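# Residue-level structural notes
The residues making up each chain are set out below.
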Amino acid sequence: MGCGTKEPKITQLCLAAVQRLMTHEVVSEAAAGNIINMLWQLMENGLEELKLLQTVLVLLTTNTVVHDEILSKAIVLCFRLHFTKDNITNNTAAATVRQVVTVVFERMVAEDERFKGIVEQPTPVQGNTNRRSVSTLRPSAKDAYMLFQDLCQLVNADAPYWLVGMTEMTRTFGLELLESVLNDFPGVFLQHQEFSFLLKERVCPLVIKLFSPNIKFRQGSSSAASPAPVEKPYFPICMRLLRVVSVLIKHFYSLLVTECEIFLSLLVKFLDGEKPQWLRAVAVESVHRLCVQPHLLRSFCQSYDMKQHSTKVFRDIVNALGSFIQSLFIVPNTGNPAATNAPAGGSGSGAQAAAQGGPGAGGQGGSLITQAAFEYRGTWIPLMTVSVQGSAKATYLEMLDKVEPPSIPEGYAMSVAFSALLDLVRGITSMIERELAKEEEEVAVRREANPDQNAQAEPEAHLVWEEMVSACWCGLLAALSLLLDASTDETATESILKAELTMASLCGRLGLVTPRDAFITAICKASLPPHYTLTVLSSNATNLNNKAYSIQGQTVQIISPSSESHQQVVAVGQPLTVQPQGTVVLTAKNIQCMRTLLNLAHCHGAVLGTSWQLVLATLQHLVWILGLKPGVGGALKPGRAVEGPSTVLTTAVMTDLPFISNILSRLFESSQYLDDVSLHHLINALCSLSLEAMEMAYGTNKEPSLFAVAKLLETGLVNMDRIEILWRPLAGHLLEVCQHPNARMREWGAEAVTALIKAGLAYKHNPPLAQNQRLQLLLLNPLKELSNVLHADIRQKQLESVLQILQSQGDSLGPGWPLVLGVIGAIRNDQGESLIRTAFQCLQLVVTDFLPTMPCMCLQIVVDVAGSFGLQNQELNISLTSIGLLWNISDYFFQRGEAITQDLEREEAALQKQAREKGEPLNRPFHPAPPFDCLWLCLYAKLGQLCVDPRPAVRKSAGQTMFSTIAAHGTLLQQSTWHIVVWKVLFHLLDCVRKSSTTADKEKIESGGGNILIHHSRDTAEKQWAETWVLTLAGVARIFNTRRYLLQQLGDFFKAWEVLLDHIQSAALSKNNEVSLAALKSFQEILQIGTPVKDSAMPTEALALAVMGVPPVLIDPLSASGPGRHLLRSDSMLERLTRYNGAELQAPPQGEESALEDAALWWSAWNTWYRTGTDSTRPPSGGTGTDRPSFVPSQPFLTALVQIVPALYQHIETGFSMEDLRKLGVILHGAVSIPISSDASPFILPSYTEAVLTSLQEAVLTALDVLQKAICVGPESLQVMYPAIFEQLLLFVEFSCKPPQYGKLETKHVANAKYNQIQLFTPAEWVALNYVPFAERSLEVVVDQYQKTACHKAVINEKVLQNIIKTLRMPLGLKYACPSESTWKLAVSSLLKVLSIGLPVARQHASSGMFETMWPELANAFEDFLFTKSTPPDNVSIQEFQKNEAIDVEVVQLISTEILPFANFIPKDFVGQIMTMLNKGSIHSQSSSFTEAEIDVRMREEFSKVCFETLLQFSFSNKVSTPQEGYISRMALSVLLKRSQDVLRRYVDDERLSGRCPLPRQQVTEIIFVLKAISTLMDSLKKTQPENVDGTTWAQVIALYPTLVECITCSSSEVSSALKEALGPFKDFMQPPVSRVQNGES
């Protein structure tokens, strides 16, 4: 009522009151109707319009009582107020209308909530003829329905059904209301069929109808052409329509599939270049709105693109966006008002410059502009920030207040389209990836639930995703590539790249190879410099579908960077290609793209598959241009390019490089997260890249690209845990790289392979390598393959890595040992020293540290390898050291013998089993021998090979080692094995050495390499081989000696013995002194075997060792047969030996068999000795004395030869025959008679003045002595040999006067040899030794022996005494002419000794006639000696002379004591001879000429006296049996007396005549002699029986008396004293004569 007053104040108060009532909800339905009617009145009167609106709003919002017509009236009221003249009212009303509409729909939503629980029986919807009432709807819903229906009517400019009373309405407002309802309450339309029906039947047709002007309009087309004028598009409606369409599509797509297809097609059309700019801008915004709803996009795809006859809407949308962007760059901006008006961005000047001024101006403009922009072929488009990523915040779709189309700033459309593109990509990819992830999870869960079934994802989803991607990728790629090319802003570039990256990865995940490769190609292209057309990336993005991906030769043309690039140049580098010269430029954008590429590979490596090739090829080129070079482990580090203009990098990129190289490394590190298939793709890609790099590196010395190799290494290193699956391709390829001719390339190949192998072995695999032999061998195999590479640097690398592997993993190599050892042993002589040295270091390490850890089967390989190092000829020291290693190895075998034996036997059993299964024989060297012995045999065989190496030092070392090992460790061998050792090893070696020695070169070797001087004893190959021969023979002999008992148990010991002796003989007869002497020493050694040492001389331990054949070290093999100090290697050695050889310790039985066998052995040895002796002492035949003999055996050799006799003889004495003795004699004689060369004589004879025996002569005498002693104690049969021994010795005695001849060789006496000055160029003179001492010693022996054996039958029968005398006759006869004075003296004394023994024997056997012939010899000997033809030397002193005379006297005394007294047993002739001799001695011939001789004779007064006395004694002896003898002596006496008379007479006369003058000395001497003879005669007469003296003698004696008296007057005192002595004795005869009768009676 109050309001009815139309009084403003009252009305206001009333309205306020009504509002308050409503607020307190006290209004009933009727009251509400009244209120509305009242308000209507006020509205019609135009009162309090704002208050009205407020009241309506309060009424409708506070309660739900207002329905149906009342409600519609209230709404109409608001609409009417909207169209007043008052702006404020209009706006308020508009807001109120919006709110009221919202309230109506909210009520409906609330109502639905209330009835939610009650399930209704929905009635089928009939063809809805009555549009005004819908009986099935509840009240609020009905209101809403009616309202919405009328809104559609109003927009379509039809009359409303429900909103009665509407006067006017605008389309724009209607569209806004429609949009807000659709947008805010989509649930209403989706839940209620009635509403859905409205949407389909009313809204969509309406929209399509309203769109029509826009569709038909072509910008710039003249209206004249068309019959009817075309309605121009109207911005406000168009824009609102698009908003409605957006909402429809967004919320009701599922209801309006067909309609949406139309809408979307329209949208796409609006993007056309011919449409007005504002229309395009608004359309782009709408498209953007769609792009941020990926699920919607998916629905499009499902509904249209995947249906057969439908438009490919999704694809069209994307392509339209793409072409829209392209058109922006291409279409010139002329018809566009935006180009003339200053654009909103305010940077028009730049834009115009770019648009009009072409590239140059653009360039300048670009330099001023800081704004982000795109630029392409002179078109410059700024980039604005249009919306936050992921939300489509539109600008022009929100301009609801504008009626005129606004001016669009330049770049706006581009910016929106750009955002739309990015959002599209982001949306699709994130959606699909989310779903993929979810699906994978579900699959995993299902797998866990029942692992048997192979859970698969449902294929429909995949089909949709694949279709979506297939539909959009072309358009996206085209647009993105273009944008990327045009982008000048880092952020924009980043976004584009990110989009391309995510697309690529998505395609990869979905397995769409072509699109994936296309996106990747785009990124790759963008990374490389402009026009750097890698063939990999060469085809265009447009014809990608028919492109085959392959990597062929890289043909690259380089054009100078295009001027349209406004990018900052950050790097200038070398292109990695063959042809182009010059440099290429990298911009900041290239680097950015590269980082994206890295990112792609890093994060999405798993889906790259074959595109790895693209990615890696590009990275390789970039890395090359940036000058990154691989470092340790394959990581790339900045390094300088080697040739060409060096790489130029700005500081900007320099700071980036570490980051890039880091990512590059991380990229390959992340390969550990790839699955096996992806990993294989990666490896294959790297391999083909690498192959390409190898191709390029052929034939050039240009630095190759090592990218691929380095990365293969990195990849391998990080995937160690599953190395097995990628090892074969990886290693196989790297091995190829290792054979590349380019050194740098090769080096890296080797680095990679070896690093991988080392890492693989060091890696903690699961299961560990020790249990996974296959993997271990797989890893080691490439190491072995490297041995086939010929390049030294590779082999060096290989060996260094072996060394490192040994140092780090040596303990765990296990079954890998044969491989490793094979590598170490794969050395050849054509490789350099350094390689061999490295390999050898490895071997040394193996031998010192790893023998115990390796399987025993490998020990043989170790032996072979060590042997091969011995045989290589590059480095002598290594050869020698390797022999040392063999010795160490043998020690190891010895120490670990038992363990090794067990292991080997286990292996052997397994192998034999295999061999049996295969039906083949077991193939192993030395097969029948046990495996452990085979190991030793291999070792010996290797050493044997080394013993005949061409280098002397190696031979020597190997020989020593071999014999030492056999000596030290031979006890471990089985008996059967010894057989092989003897025949296959030792004798084989001897044969080889003998052969080499006899054929060796005699040329002189100047120096031993470098400036080493060679001693003259080793300066020819022959001499060097001689040393080897010596060593070998000695070694073998020593083994035969020490292992005698063991070897004798072999069946063919005798045969072996014969062979050994044959070797000794051939060596002894070799023309090399060293060899021949050594051979004899070996001979001696094997002969000393049989002289076992007495137990007392040896501690038990040494005895045990001796029995087992561990040799005591001999002090000197020539002199000592006893043990020296034996060297024991360890305390427990004895125990160990006894353990191994318990059986051998029992000495062999001494049965008859062994004795017989021994005899055979010894006789074999004797025959060898005899042959050797005969050949070596046979004098050379032919040739005159001047020719130098081919070979004269040396003294030491001969000495050794002879020294063998005693030892040998002991063993053969039982069968030694006269014939053997004769043979021996020949050899001894031959040996003694061999001369020595003058340059050797000072060493053999201390000095020629001393009388010493040489060792040879000593030996000869010793030998004879041994024989003699043996004969002495031997049986009768032996004793017949005495004479032969005498004969031999007497031959030697003759040497004193007649040195032996050696062939026709001229020898000089020692004293004359010129060995003080060495004469060059003349052959050395041969010196006969000083044989005197030898002969004299022999003589002494003869005497000694004769004293013992004089009575022996054989000695008597063989006329030994006669021979002795006959031999002595020579020195006795020569007397002073003997070479040495001592000789004849010794001869005399010997003769005397012999006779003193022999004469009684001779007398005893007088009757037998055995001594008949001796007597004349003896007489002659006396004669020759006492009356020698030689004169004493002038310098003989008186004392000497007296001594000599005393000797003569002794002889005469012998005659007087031993011969004359027994005259009746002695032949008469002999006695006669003796008497004559005595006579001769006692009478001095009275020749008037006084020669020296006579003086001498005369001076032998004592001698004469003795002769005379003897003569007299004999004359007056009563034993004279025969008148003849008496006659002789009497006659002699009378001669003497007569001579005395004459002398005295003559003297007296001369004395008178001479007066005072003294007489000559001779005459005085003579007279004195005569006087002495008279006094001697007187003495004799006094001693004899008177009856023995006959009368004539007396007469003559007495007749002398007067003459003597006459001499008294002589003046010489000497004569006087002699006279006195002569006269004195007469007194004894002066007595009165006695009567004869008396005398006769008495």
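Scroll up to find the structure this text is about.
Definitions and limits used
Residues numbered from 1 in each chain as written. Predicted model: local features only at pLDDT ≥ 70, side-chain atom pairs only at ≥ 80, totals over all residues. Heavy atoms only, no water. Helix = DSSP H or I, 4+ residues; strand = E, 2+ residues; numbered from the N terminus. Buried < 20%, exposed > 50% of the residue type's maximum accessible area, 1.4 Å probe, protein only. Core = buried A, V, L, I, M, F, W, Y, C linked by side-chain atoms within 4.5 Å. Contact = heavy atoms within 4.5 Å. Phe/Tyr/Trp six-rings, centres within 6.5 Å; stacked < 30°, edge-to-face > 60°. Lys NZ or Arg CZ within 6 Å of the ring centre and 35° of its normal. Pairing = 2+ DSSP bridges. Expected span 1.5 Å × (residues − 1). Salt bridge = Lys/Arg side-chain N within 4 Å of Asp/Glu carboxyl O. Axes fitted to C-alpha atoms, helices over the stretch in contact; angles between N-to-C directions. Left-handed = near helix turned anticlockwise from the far one by under 90°. Nonpolar A, V, L, I, M, F, W, Y, C, P; charged D, E, K, R; others polar.

## A few points about the overall build of the chain
- Counting secondary structure elements, the chain contains 65 helices and ten strands.
- A buried classification covers 52% of the 1642 residues belonging to the chain.

## Considering the nonpolar core
- Phe 300, Phe 314, Leu 806, Ile 824, Phe 1040 and Phe 1422 are the most contacted members of the largest nonpolar core, which has 453 residues in total.
- Apart from the residues within four sequence positions on either side, Phe 1422 is in contact with Leu 1391, Leu 1395, Phe 1427, Val 1451, Leu 1454, Ile 1455, Ile 1459, Ile 1474 and Met 1477.
- Phe 1508, Leu 1533, Leu 1581 and Val 1589 belong to the second largest nonpolar core, which has 32 residues in total.

## Regarding the packing of aromatic side chains
- Summed over all chains, the structure comprises 31 aromatic pairs.
- Where Trp 936 meets Tyr 940, the ring centres are 5.9 Å apart and the plane angle is 35°; that geometry is what we call tilted. With Trp 936 and Tyr 940 both in helix H35 (residues 931-947) and four residues apart, the pair spans about one turn of that helix.
- Aromatic pair Trp 1166 and Trp 1169: ring centres 5.3 Å apart, planes at 15°, arrangement stacked. Remark: Trp 1169 and Trp 1166 occur in helix H44 (residues 1152-1177); sequence separation between them is three residues, near one turn of the helix.
- Assessed through its relative accessible area of 2%, Trp 1166 is described here as buried.
- Grouping aromatic residues by their ring pairs yields a cluster made of Phe 105, Tyr 145, Phe 148, Phe 185, Phe 189, Phe 195 and Phe 252.
- In this structure, Arg 955 is placed above the aromatic ring of Trp 1025, and the distance from its NZ or CZ to the ring centre is 3.6 Å.
- The ring of Trp 1057 has Arg 1044 sitting right over it, with the charged end atom 5.6 Å from the ring centre.

## Quick look at the pairing of strand S2 (residues 379-382)
- Because side chains alternate across S2, one face comprises the buried residues Thr 379 and Ile 381, and the other comprises Trp 380 and Pro 382, equally buried.
- By the bridge criterion, four bridges tie strand S1 (residues 373-376) to S2 in an arrangement that is antiparallel. When the sheet's bridge partners are listed, Phe 374 is paired in S2 with Ile 381.

## Looking at helix H46 (residues 1218-1232)
- When the terminal C-alpha atoms of H46 are compared, their 21 Å separation across 15 residues agrees well with the 21 Å that a helix rising 1.5 Å per residue should span.
- For H46, every residue scored as buried is listed here: Asp 1220, Leu 1221, Lys 1223, Leu 1224, Gly 1225, Ile 1227, Leu 1228, Gly 1230, Ala 1231 and Val 1232.

## Overview of the pattern of salt bridges
- Scanning the entire structure with this criterion turns up 34 salt bridges.
- The partner of Asp 423 in a salt bridge is Arg 426, with the nearest N and O atoms 2.5 Å apart. With Asp 423 and Arg 426 both in helix H17 (residues 412-449), this residue pair falls three residues apart, about one helical turn.
- Residues Asp 991 and Arg 994 are paired through a salt bridge, measuring 3.6 Å at the closest nitrogen-oxygen approach. Placement of the pair is Asp 991 and Arg 994 together in helix H37 (residues 975-999), with a separation of three residues, close to one helical turn.
- According to the relative accessible area criterion, Asp 991 is partly exposed, its value standing at 37%.
- Bridged by salt links that share partners, the residues Arg 98, Glu 176 and Arg 240 form one connected network.

## With respect to the packing of H17 against helix H19 (residues 490-510)
- It is the contact of H17 with H19, at a shortest axis distance of 10 Å, that shows an interaxial angle of 35°. Crossing angle aside, the handedness with which H17 passes H19 is left-handed. Contacts from Phe 418, Leu 422, Val 425, Ile 428, Thr 429, Ile 432, Glu 433, Leu 436, Ala 437 and Glu 440 of H17 reach H19 at Ala 492, Ser 495, Ile 496, Ala 499, Thr 502, Met 503, Ser 505, Leu 506, Arg 509 and Leu 510.
- Split into classes, the residues belonging to the contact of H17 with H19 amount to 13 nonpolar, four polar and three charged.

Function-wise, these values are silent; they only describe arrangement.
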